[in-house]
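Notes for the structure review
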Amino acid sequence: MKPNPSTYGTYFGRYIDLVPQTDLSEAFNAITEESYAFWLNLTEEQGNYRYAEGKWSIKELLLHIIDTERIFSYRALAIARGETTPLPGYDENQYATHSAADSRSMEELVDEFFSVRNATMLLFNSFTDEALNRVGKANGNPLTAAAAGFIIIGHEIHHMNVVKERYLQD
């Protein structure tokens, strides 16, 4: 089942609401299949494109998705394993500034993305129901491992929609 809104920060509801599936494993399988068709078909030229001055390139946006997936996977792992120390937030713009994404190829970034996704799916498949529903604290908000999984998926859906609407409209 999708996580209860009391198990994640209000801001993240916008991502969780984008996930049509209620089963986390099914949701990961569905988005990953869609991701292969989407990210693999972008060219190097598209990867370097910015739709406006000061906006991230598609490469930077994809690395942002990768970074966020790693961070939320770590949060899920820590919470599932019973970590009681509150987990910190992060500044996505600071990460993007220091990512050097534009110096990398789309092929390299896509390979990295799918390696991270494979590890993420293996991690979440290893969690028991009890571990998935254990509540921790991240960035000052409650968070369960299950909510972290749905956030990862919804976050990617959100950014794929942004790419379709703002980057690939030419």
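Residues numbered from 1 in each chain as written. Predicted model: local features only at pLDDT ≥ 70, side-chain atom pairs only at ≥ 80, totals over all residues. Heavy atoms only, no water.

**Comments concerning the packing of aromatic side chains**
If you walk through the whole model with that rule in mind, you get 13 aromatic pairs. Seen from their ring centres, Phe38 and Trp39 are 4.8 Å apart, and the 85 degrees between their planes marks the pair as edge-to-face. Each member of the pair Phe38 and Trp39 is classed as buried. Pairwise contacts between aromatic rings join Tyr36, Phe38, Trp39, Phe113 and Phe114 into one cluster. (Phe/Tyr/Trp six-rings, centres within 6.5 Å; stacked < 30°, edge-to-face > 60°. Buried < 20%, exposed > 50% of the residue type's maximum accessible area, 1.4 Å probe, protein only.)

**Remarks on the pattern of salt bridges**
Using the criterion set out here, one finds 10 salt bridges in the structure. Among the ionic pairs, Lys59 bridges to Glu44, the shortest N-O distance being 2.4 Å. Pair noted here: Lys59 is in helix α4 (residues 58-80) and Glu44 is in helix α3 (residues 44-48), with a separation of 15 residues, a long-range link. In this structure, Glu69 and Arg117 form a salt bridge, with 2.7 Å as the shortest nitrogen-oxygen distance. Here Arg117 lies in helix α6 (residues 106-126) and Glu69 lies in helix α4, a separation of 48 residues in the sequence. (Salt bridge = Lys/Arg side-chain N within 4 Å of Asp/Glu carboxyl O. Helix = DSSP H or I, 4+ residues; strand = E, 2+ residues; numbered from the N terminus.)

Function-wise, these values are silent; they only describe arrangement.
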